[in-house]
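Examination of the molecular architecture
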Amino acid sequence: MPDRLAPGDTAPDFTLTSDTEEQVSLADLRGKKVIVYFYPAAMTPGCTKQACDFSESLDSLRGAGYEVLGVSKDKPAKLAKFRERDALTLTLLSDEDLAVHRAYGAYGTKKLYGKEVEGVLRSTFVIDEAGKVELAQYNVKATGHVAKLRRDLGVD
């Protein structure tokens, strides 16, 4: 079992390449609240549902002071296709070597169709303005997760 982050922990810093080939650093977002979510693979049904839900909620989340970053192991070119295909408006980041996934405890053993396998654990983190974990949610469901997160954060 990977080490899991908990509220109050310092969020591991990272710099990753986005779907637009820009370098995005968590440290550059200090002073803002950031939602970082990890998902298994771009352009799959569950991940598409979750990304579309975040995109549809982006205006209200930003209005409440949150930035949203989606992280997967996909290459930036695939993330760009994902963004274009589904008209996504959030920032998608590539973590091909899974280093950031592991730092957040979002990669490890999980059950898939009754078997234990190594893979991405669909997880969401809310990071406060000082870079501390405010909320850490592991093994979330793709469907309904964004609506629940909005309720948890008090965002209408």
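Everything here concerns the structure above.
Here is a short report on the structure shown in this document. Note that the structure is a prediction, hence the values are computed from the model and not measured.

For the chain, the count of helices and strands is four helices and nine strands. The secondary structure elements of the chain, listed N-terminal to C-terminal, are β-β-β-α-β-α-β-α-β-β-β-β-α. Its C-alpha atoms give the chain a radius of gyration of 14 Å, near enough to 15 Å, the size a compact globule of 156 residues would have. Along the three orthogonal principal directions, the C-alpha set of the chain runs to about 40 × 35 × 30 Å. In the chain, which comprises 156 residues, the share counted as buried stands at 53%. Counting only contacts in the chain whose residues sit at least 6 apart along the sequence, the fraction spanning at least 24 positions is 62%. Per element, the accessible surface of the chain, about 7,500 Å² overall, is 50% carbon and sulfur. The centroid of the 22 positive side-chain charges in the chain is displaced by 6 Å from the centroid of its 24 negative side-chain charges.

This next bit is on the pattern of salt bridges. A full pass over the atoms with the stated rule returns eight salt bridges. Here Asp13 makes a salt bridge to Arg30, at a shortest N to O gap of 2.8 Å. Linking Asp13 in the segment before strand S1 (15-18) with Arg30 in the loop between strand S2 (23-25) and strand S3 (33-38), this pair joins segments that are 17 residues apart in sequence. A relative accessible area of 47% places Asp13 in the partly exposed class. For Lys78, the salt bridge is made with Asp74, and the minimal N-O distance between the two is 3.5 Å.

Formed by 22 residues in total, the largest nonpolar core has its most connected members in Ile35, Tyr37, Tyr39, Phe54, Val68, Leu90 and Leu92. Ranked by residue count, the leading element in this core is helix H1 (residues 45-63), at six residues. Ignoring any residue separated from it by four or fewer positions in sequence, one finds Ile35 in contact with Phe54, Leu61, Tyr66, Glu67, Val68, Leu69, Thr124, Phe125, Val126, Leu149 and Leu153. Listed in part, the 20 residues of the second largest apolar core include Ala11, Phe14, Leu69 and Ile127.

The next thing to look at is the sheet that holds strand S5 (residues 91-94). Spatial ordering of the open sheet is given by S2-S1-S5-S4-S3-S8-S9, a layout of seven strands whose pairing is mixed. Strand pairing shows two members of the sheet lacking a second neighbour, S2 and strand S9 (133-137), which therefore form its edges. Each strand of the sheet is rotated relative to its neighbour by a mean of 30°, with strand direction disregarded. With three bridges joining them, S1 and S2 adopt antiparallel strand pairing. Bridge assignment links Thr15 to a residue of S2, and that residue is Ser25. Across the sheet, H1 is in contact with S3, strand S4 (66-72) and strand S8 (123-127); its angle to S4 comes to roughly 160°. Across the sheet, helix H4 (residues 145-153) touches S3, S4, S8 and S9, and the angle it forms with S9 is around 150°.

With that settled, consider the packing of H1 against helix H2 (residues 76-86). The relative placement of two packed helices comes down to the angle between their axes together with the axis-to-axis distance. The N-to-C vectors of H1 and H2 enclose an angle of 65°; their axes lie 11 Å apart at closest approach. Taken together, the axes of H1 and H2 lie roughly perpendicular to each other. In this structure, H1 meets H2 at a crossing whose hand is right-handed. Taking contact as the criterion, the partners of Cys47, Thr48, Ala51 and Cys52 in H1 are, on H2, Phe82, Arg85 and Asp86. When its residues are assigned to classes, the contact of H1 with H2 shows four nonpolar, one polar and two charged.

What counts and what doesn't
- The written sequence of each chain sets the order in which its residues are numbered from 1.
- Two thresholds apply to this predicted model, a pLDDT of at least 70 for residue-level local features and 80 or more for giving and counting side-chain atom pairs, whereas whole-chain, interface and lining totals are computed over all residues.
- Hydrogens and waters are ignored; side-chain quantities use all the structure's heavy atoms.
- Secondary structure elements are taken from DSSP: a helix is a run of H or I of four residues or more, a strand is a run of E of two residues or more, and numbering for both begins at the N terminus.
- The quantity called the radius of gyration is restricted to C-alpha atoms. Its globule counterpart is 2.2 Å times the number of residues to the power 0.38.
- Only protein chains enter the accessibility calculation, which uses a 1.4 Å probe. A residue is then buried if its area is under 20% of the maximum for its type, exposed if over 50%, and partly exposed in between.
- Any two residues whose heavy atoms approach within 4.5 Å at even a single point are treated as in contact.
- Values of accessible area rely on a 1.4 Å probe in the Shrake-Rupley scheme; residue burial ignores everything except the protein chains shown.
- When charges are tallied, Lys and Arg are placed among the positive residues and Asp and Glu among the negative ones, while His and the ends of the chain are skipped.
- For this purpose, a charge sits on NZ of Lys, CZ of Arg, CG of Asp or CD of Glu.
- Definition used for salt bridges: Asp or Glu carboxyl oxygen within 4 Å of a side-chain nitrogen of Lys or Arg.
- Nonpolar core, defined: a set of buried Ala, Val, Leu, Ile, Met, Phe, Trp, Tyr and Cys residues in which side-chain atoms within 4.5 Å join the residues together.
- Two strands qualify as a pair provided DSSP detects at least 2 bridges between them.
- The axes are straight lines fitted to the C-alpha atoms, using for helices just the contacting stretch, and the angles between their N-to-C directions are given from 0 to 180°.
- Throughout this description, any angle smaller than 35 degrees is read as roughly parallel, any larger than 145 degrees as roughly antiparallel, any in the 65 to 115 degree range as roughly perpendicular, and the remainder as oblique.
- Crossing handedness is read from the near helix: turned anticlockwise from the far helix by less than a right angle, it gives a left-handed crossing, and turned clockwise, a right-handed one.
- Residue polarity follows a fixed list, in which Ala, Val, Leu, Ile, Met, Phe, Trp, Tyr, Cys and Pro are nonpolar, Asp, Glu, Lys and Arg are charged, and the others, Gly among them, are polar.

Keep in mind these numbers describe shape, not what the thing actually does.
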